[in-house]
Amino acid sequence: MEISKIAIEWAKAEVFSSKFFIFFALLFFVGSIGFWQLGKTETARAYIWPTLVAGVLLMAVGVGILIANTSRITSFANDYESDATAFVKSEIVRTEKSMGEYKTIVFKVIPVIIIVAALLIVFMDKPLWRAICITTIAMMTVILLVDSNANTRILSYHEQLKLVDK
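Residues numbered from 1 in each chain as written. Predicted model: local features only at pLDDT ≥ 70, side-chain atom pairs only at ≥ 80, totals over all residues. Heavy atoms only, no water.

### Focus on the overall build of the chain
Here is step 1 of the chain: Along the backbone of the chain there are five helices and zero strands.
Here is step 2 of the chain: The linear arrangement of helices and strands in the chain, starting from the amino end, is α-α-α-α-α.
Here is step 3 of the chain: Here the C-alpha radius of gyration of the chain, 20 Å, is well above what a compact globule of 166 residues would show, namely 15 Å.
Here is step 4 of the chain: A principal-axis box enclosing the C-alpha atoms of the chain has dimensions of 60 × 30 × 20 Å.
Here is step 5 of the chain: Counting the 166 residues in the chain, one finds 36% classified as buried.
Here is step 6 of the chain: Counting only contacts in the chain whose residues sit at least 6 apart along the sequence, the fraction spanning at least 24 positions is 79%.
Here is step 7 of the chain: Of the roughly 9700 Å² of accessible surface on the chain, a fraction of 70% belongs to carbon and sulfur atoms.
Here is step 8 of the chain: Each charge class in the chain was averaged separately, 16 positive and 14 negative side chains, and the resulting centres sit 8 Å apart. (Helix = DSSP H or I, 4+ residues; strand = E, 2+ residues; numbered from the N terminus. Rg over C-alpha atoms; globule rule 2.2 N^0.38 Å. Buried < 20%, exposed > 50% of the residue type's maximum accessible area, 1.4 Å probe, protein only. Contact = heavy atoms within 4.5 Å. Areas by Shrake-Rupley, 256 points an atom, 1.4 Å probe, with all protein chains shown as cover. Lys, Arg positive; Asp, Glu negative; His and termini not counted. Charge placed at Lys NZ, Arg CZ, Asp CG, Glu CD.)

Okay, structure coming up:
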C-alpha cells in the first residue's frame, strides 16, 4: 500500500477521533445546563461552571484536532507527490515528536492530575472545589481514553513510515 494512502487513513482516523472530544464536550455542556436548570442543592449548583469549562476545553481540543487533520488529508497527497522521500522523513520526525508528547503528557501528566484531583476531593469540603476536582477527573479520563487510542494509531503509522524509509 502506498504510504500516502496510509498517511491519509491515519489523518482520517484522527478526524474521527476528534469527534469523540466534540461529543464529550457536548455531554459536558448538557450536564452544565442540567445542573443550571435542575440543580436545587448547593452541590448540584457547584457543577455548573466546572462542567461548562470542561466542555469548552474539550471542544477546543476536538475542533483543533479536526481542523489540523482535515487540512492534512489534502496536503498529504500533494506533499507526497512533490517529494516522497522528504514527505516520509518529515512524517517520521513529526510522529516521533508526537509520540514523545503522548508519552509525557498523556501517560505521565494526566494520571498525576487525576491522582491530585482525587486526593483533593478528600481534603476539600467546599462543594465548588469538589465539583472542580470531580469534573477534572472526568475530563482527564476522556482525554486519556481518546488519546491512548490515538497513541496506538500513531505508533502503528510511525512503524509503517520507518518500513518505507528503509
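### Quick notes on the nonpolar core
Here is step 1 of the chain: Ranked by internal contacts, the top residues of the largest apolar core, which has 18 residues, are Ile-3, Trp-10, Phe-76, Phe-87, Val-88, Tyr-157 and Leu-161.
Here is step 2 of the chain: When residues of this core are traced back to their parent elements, those giving at least two are α1 (3–38), α3 (48–82), α4 (84–123) and α5 (127–165).
Here is step 3 of the chain: Not counting chain neighbours up to four residues away, the residues in contact with Tyr-157 comprise Ile-6, Ala-7, Trp-10, Phe-76, Phe-87, Glu-91, Arg-94 and Thr-95.
Here is step 4 of the chain: Ile-22, Phe-28, Leu-58 and Ile-114 belong to the second-largest nonpolar core, a separate cluster that totals 14 residues. (Core = buried A, V, L, I, M, F, W, Y, C linked by side-chain atoms within 4.5 Å.)

### Remarks on the pattern of salt bridges
Between side chains of opposite charge, a pair can form when the charged atoms approach closely.
Here is step 1 of the chain: For the structure on display, the rule yields four salt bridges.
Here is step 2 of the chain: Across the pair Arg-153 and Glu-14 runs a salt bridge whose closest N-O atoms are separated by 2.9 Å. On the criterion of sequence distance, the pair formed by Arg-153 in helix α5 and Glu-14 in helix α1 is long-range, its members being 139 residues apart.
Here is step 3 of the chain: A salt bridge links Lys-97 to Glu-101; the nearest nitrogen and oxygen atoms lie 4.0 Å apart. (Salt bridge = Lys/Arg side-chain N within 4 Å of Asp/Glu carboxyl O.)

### Some points on the environment of Leu-144
Here is step 1 of the chain: Along the polypeptide, Leu-144 turns up in helix α5.
Here is step 2 of the chain: Overall, the relative accessible area of 24% leaves Leu-144 in the partly exposed class.
Here is step 3 of the chain: Beyond its immediate sequence surroundings of up to four residues, Leu-144 is in contact with Val-106, Ile-110 and Ile-114.

### With respect to the packing of α3 against α4
Here is step 1 of the chain: Two numbers describe how α3 lies on α4: the axes approach to 6 Å, and their chain directions differ by 135 degrees. Taken together, the axes of α3 and α4 lie oblique to each other. For the pair formed by α3 and α4, the contact residues are Arg-72, Phe-76, Asp-79, Tyr-80 and Ser-82 on the first element and Ala-84, Phe-87, Glu-91 and Arg-94 on the second.
Here is step 2 of the chain: Of the residues belonging to the contact of α3 with α4, the class tally is four nonpolar, one polar and four charged. (Axes fitted to C-alpha atoms, helices over the stretch in contact; angles between N-to-C directions. Parallel < 35°, antiparallel > 145°, perpendicular 65-115°, else oblique. Nonpolar A, V, L, I, M, F, W, Y, C, P; charged D, E, K, R; others polar.)

### Section: the side chain of Asp-147
Here is step 1 of the chain: With respect to the helices and strands, the residue Asp-147 is situated in helix α5.
Here is step 2 of the chain: For the buried residue Asp-147, which engages in no salt bridge, the nearest side chain bearing the opposite charge is Arg-153, 7.0 Å off.
Here is step 3 of the chain: Ignoring any residue separated from it by four or fewer positions in sequence, one finds Asp-147 in contact with Phe-21, Tyr-102 and Val-106.

### Quick notes on the packing of α1 against α3
Here is step 1 of the chain: It is at 7 Å that the axes of α1 and α3 come closest, and there the two elements cross at 165 degrees. In terms of their interaxial angle, α1 and α3 are classed as roughly antiparallel. Like other packed secondary-structure pairs, α1 and α3 cross with a definite hand, here left-handed.
Here is step 2 of the chain: Its residues placed into classes, the contact of α1 with α3 shows 29 nonpolar, nine polar and three charged. (Left-handed = near helix turned anticlockwise from the far one by under 90°.)

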